[in-house]
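Coordinate inspection notes
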Amino acid sequence: MQLQNKIALITGASSGIGKETAKLFAKEGALVILTARHLNKLKIVENEIKNNNGKAESYSMDITNRQQIKNTIKKIIEKHKKIDILVNNAGIVVWGSIEDCTYKDFDDQVKFNLTGSFNTIKEIIPYMVKQKSGSIVNIITSTVKNTKAGRVAYAASKYGQAGLSNAVHEDLKSKGISVVAVYPSKTNTPIHDPYMSKNDPERKTMLKPEQVAEVVLKAALIPAEKDVKELVINP
């Protein structure tokens, strides 16, 4: 098992890519720390992992709430003494062109997708620096590589997240901490449910979250000295 004795914190772990990453990491021997806003949904994932002989714990954590992040990470460190891996997966999307996008739509997506990632990284870094080891995987989107119309707020927030990941990579690569951005193309997850039927034929052309999870695992295993900044996934 590739993650034996590792402690891995995953945001947005109640569904989609986060859920599949948690299941895969647990299968590879990690104790997975499941975080999201809704504890009841996390408990379902936790029980699924435990029923398959994996190890998991659930914490309600809103990545826009800095005090809650600080308190949650402190609890984890007090209990387990370390965090080896952070997967920044949580994200939201509201499609809209520059003409349609409201100020609220824009602010919410920047706050969640960009600032939320900054918040979790900021709070976890002192412990990883002290450990002189760690891995951070930031799940971005192929929108950053090929932006299409009607995605102004989402694209802006994700470009920002990509820049954040690249800058943190440069800051920490000499301190034994790997920071890798993963760029999946459109993936069949619940993030699309508000505007796309679950039976929509387009979903069959999308990546499966399990495929993305495999690449997230690969990213988490990359040593800092390899100086790998990103991995791109296409169907």
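I will try to describe carefully the structure that is included in this document. (Residues numbered from 1 in each chain as written. Predicted model: local features only at pLDDT ≥ 70, side-chain atom pairs only at ≥ 80, totals over all residues. Heavy atoms only, no water.)

This part takes up the pairing of strand β1 (residues 7-11). Within β1, five of the five residues are buried, which leaves the element mostly enclosed by the surrounding structure. Because side chains alternate across β1, one face comprises the buried residues Ile-7, Leu-9 and Thr-11, and the other comprises Ala-8 and Ile-10, equally buried. Across five bridges, the pairing between β1 and strand β2 (residues 31-36) is parallel. Bridge pairing links Thr-11 to Thr-35 in β2. You can see the chain leave β1, run along helix α1 (residues 16-27) and come back into β2, and the turn it takes is right-handed. Of the strand pairs in this sheet, β1 and strand β4 (residues 85-88) are connected by three bridges, and their pairing is parallel. Following the sheet pairing, Ile-10 is matched in β4 by Val-87. (Buried < 20%, exposed > 50% of the residue type's maximum accessible area, 1.4 Å probe, protein only. Helix = DSSP H or I, 4+ residues; strand = E, 2+ residues; numbered from the N terminus. Pairing = 2+ DSSP bridges. Right-handed = clockwise from strand over helix to strand, strands pointing away.)

Turning our eyes to something else, we now look at the pattern of salt bridges. Under the criterion given, the structure shown has 14 salt bridges. With its nearest N and O atoms 2.6 Å apart, the salt bridge here joins Glu-46 to Lys-50. On the criterion of helical spacing, the pair formed by Glu-46 and Lys-50 is a turn pair, its members being four residues apart in helix α2 (residues 39-51). Between Lys-70 and Glu-123 there is a salt bridge, with its nearest N and O atoms 3.3 Å apart. In this pair, Lys-70 is assigned in helix α3 (residues 66-80) and Glu-123 in helix α4 (residues 103-131), connecting sequence segments 53 residues apart. Assessed through its relative accessible area of 18%, Glu-123 is described here as buried. (Salt bridge = Lys/Arg side-chain N within 4 Å of Asp/Glu carboxyl O.)

What follows covers the pairing of β2. Counting buried residues in β2 gives six out of six residues, a clear majority hidden from the surface. With burial as the criterion, each face of β2 is covered, one bearing Leu-31, Ile-33 and Thr-35 and the other bearing Val-32, Leu-34 and Ala-36. Sheet topology places β2 next to strand β3 (residues 55-60); six bridges connect them, and they run parallel. Across the sheet, Leu-34 pairs through a bridge with Ser-58, a residue of β3. Handedness of the crossover is the feature at issue here: the chain leaves β2, passes through α2, returns alongside β3, and the resulting connection is right-handed.

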